[in-house]
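For reference, the chains in residue letters:
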Amino acid sequence: MKICDLPAYSIADLVRTRQISAVEVLEKTLERVQSVDGRPGEVDASEAQSEEDLNRIHAFTLVTEEHARTKAEKIDQMVKAGEDPGPLAGVPYTAKDIFTVKGIPATAGSKILSNYVAPYTSTVVERMDEVGAVMIGKVNLDEFTYGSSSESSAFKPVPRNPWDTSRVTGGSSGGSAAAVAAGEGAISLGTDTGGSIRHPASFCGVVGLKPTYGRVSRYGLIAFGSSLDCPGPLARNVTDIALALKAIAGQDPRDNTAAMVPVPDYLAELEKDIRGLRIGLSEEFFRVTYFDTNTVELKENPIDEEIHSAILSVAGFLAQLGADIVIDVPLPYTKYGVPTYFVISRVEASSNLLRYDGVKYGYRTEEPFTDLRELYRTTRGEAFGVEPKLRMLMGIYLSAAQFDKGYYQQALKARALIRSDFDTIFDPKGKYRLDALLTPTTPSTAFPIGSVYGDSVIMQYSDQLTATTNHAGIPGLSIPVGFDKEGLPIGAQFLGPDYSEGLLLRLGRAFEKLTENEDWRKERPPLLSDNE
Ligand code: GLN
């Protein structure tokens, strides 16, 4: 196995014991990026067209080679001096281009921030740094994280799925998931507002964790929906997620919503057995409910059959390990997850986007203007893509004074009911007493690039199985559990009560261990074999 395909924990081990240098790991990883990634995303560049372009991943918007080399050299010096650089010593990782890093561009995949260089570093990146990890670059995403395919980025070409480059990566942390799947860094930092870590993790066959709201600081994260946003890690295995979470979680005086709850030793919890844990299955998570825009009626569609049976077989594996599977768990408000998300996230997005005005920072129009309003209008008109514009219009409309009680207040009530659904099933004295819920992560596997983009309503329904987690503030872990007939990864999701990350990781790890010798585990993205 190549160095860049090793787990983060092995890389750190090799570096700390001087069997390999951090610089060597970095060089090998940069070689991988060079061979599989192709052109990095750029504003106003062309979409992938040539044979070469179509067959590359395009996860990056920026490779921060110098920054990485300086850091890797520092790690090697520490090791040489007998100091311990930390549990992620020399581990290359990427950050979704929604996190700030001092002196490095932070674009949010938008033209409006295309010239913005961050004057400060986000807490999560700072903490990865403190444990010895080496940031190798910024990766592409849906513009301002608005989307489920990473196609809405203003930075072209958009990322392509390593398992089939004609397919989307999922989103919005698509660059993160694709990079990790292709060995371009062992870990990536993403964000999840309605599913944006778990969704692309599922589409690209990697592990992704959305922590409990407040478990990880949002300081230095360019905001989408401030009451929903959660930074979290993506990696190729559960142990690496535990290591990364341990590094980034915890209180932060710079973010008042970062919880004062102590951070447990996730690694110590990982290998415990799962005997006697109560794991629920809910019919509500095996279908998608949507409003038919023609008939204006609520309709239901089952999720992909192959995904359904894959999840049932995960339940079978867990039962083999002694878990109790509880079926028919009711979560009746799940079907309102997406409409509720639609209202709350748009209102919060429109408020958060007000700051981009061409005056304080970011892009400013080159057109002449006669007054401030015209400057705002032209700048924002030129530099926001379709998705932010749509979301702003919806957000402003939905929060208009005359609709206050009609939409936003209503959505807040629905949000409370969604939370109460989860409170009921996880209540240790209640009827269900679940430790976790097992669900599919997405209703389908990765769809072809261009096939759904442009219909933001359909795109939104691919979040139905993930968005309620964000409303409730609870954690969710997506793990790869196999492939469909077309060779596309299938993801399963574990949801649990507040701060149950350790338990979710334990479940993920138990499944990983039990299936480690299965044939599907040996699959590698075809692109990797072609290019090496
Ligand atoms: N796909 C969802 C949206 O478009 C979720 C995005 C996210 O989690 N950032 O809003």
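Only a predicted model underlies this, so the values are computations on that prediction, with no experimental measurement involved.

Engineer: Any details on the nonpolar core? Residues and values, ideally.
Structural biologist: Residues Phe 144, Ile 187, Phe 422, Leu 437 and Leu 438 are the most contacted members of the largest nonpolar core, which totals 144 residues. Looking at which element gives the most residues to this core, the answer is helix α8 (residues 238-248), with eight residues. Setting aside anything within four residues of it in sequence, one finds Phe 144 in contact with Ile 98, Ala 108, Ser 110, Ile 112, Leu 113, Ile 222, Phe 224, Leu 353, Tyr 356, Phe 384 and Pro 388. Core analysis: the next-biggest nonpolar cluster, separate from the first, contains six residues, Ala 446, Phe 447, Val 452 and Met 459 among them.

Engineer: Account for the pairing of strand β7 (residues 207-210), naming residues and giving values.
Structural biologist: Residues Val 207 and Leu 209 line one face of β7 and the alternating positions Gly 208 and Lys 210 line the opposite face, and both faces are buried. Pairing of β7 with strand β8 (residues 230-235) involves two bridges; the strand directions are antiparallel. By the bridge assignment, Val 207 is partnered in β8 with Ala 235. In the sheet, β7 pairs with strand β14 (residues 476-483) via three bridges, with the strands oriented antiparallel. Across the sheet, the residue bridging to Leu 209 is Leu 477, located in β14.

Engineer: Account for the site of the ligand, naming residues and giving values.
Structural biologist: The environment of the ligand is made up of 15 residues, and the closest members are Ser 148, Gly 194, Ser 196, Tyr 341 and Asp 463. In the environment of the ligand, an oxygen atom lies 2.7 Å from a nitrogen or oxygen atom belonging to the backbone of Thr 193. Looking at the shell around the ligand, its residues break down into three nonpolar, nine polar and three charged.

Engineer: Any details on the packing of aromatic side chains? Residues and values, ideally.
Structural biologist: Counting across every chain of the model gives 17 aromatic pairs. On the numbers, 6.0 Å between centres and 85 degrees between planes, the contact of Tyr 356 with Tyr 361 is edge-to-face. What makes Tyr 361 partly exposed here is its relative accessible area of 30%. Through a chain of ring-to-ring contacts, three or more aromatic side chains come together here, namely Tyr 116, Phe 144, Tyr 146, Phe 224, Tyr 341, Tyr 356, Tyr 361 and Phe 384. Directly above the ring of Phe 342 sits Arg 346, whose terminal nitrogen or CZ lies 4.0 Å from the centroid.

Cut-offs applied
Residues numbered from 1 in each chain as written. Predicted model: local features only at pLDDT ≥ 70, side-chain atom pairs only at ≥ 80, totals over all residues. Heavy atoms only, no water. Core = buried A, V, L, I, M, F, W, Y, C linked by side-chain atoms within 4.5 Å. Buried < 20%, exposed > 50% of the residue type's maximum accessible area, 1.4 Å probe, protein only. Helix = DSSP H or I, 4+ residues; strand = E, 2+ residues; numbered from the N terminus. Contact = heavy atoms within 4.5 Å. Pairing = 2+ DSSP bridges. Near = heavy atom within 4 Å. Polar contact = N/O pair within 3.5 Å; in protein donor to acceptor, adjacent residues only side chain to side chain. Nonpolar A, V, L, I, M, F, W, Y, C, P; charged D, E, K, R; others polar. Phe/Tyr/Trp six-rings, centres within 6.5 Å; stacked < 30°, edge-to-face > 60°. Lys NZ or Arg CZ within 6 Å of the ring centre and 35° of its normal.

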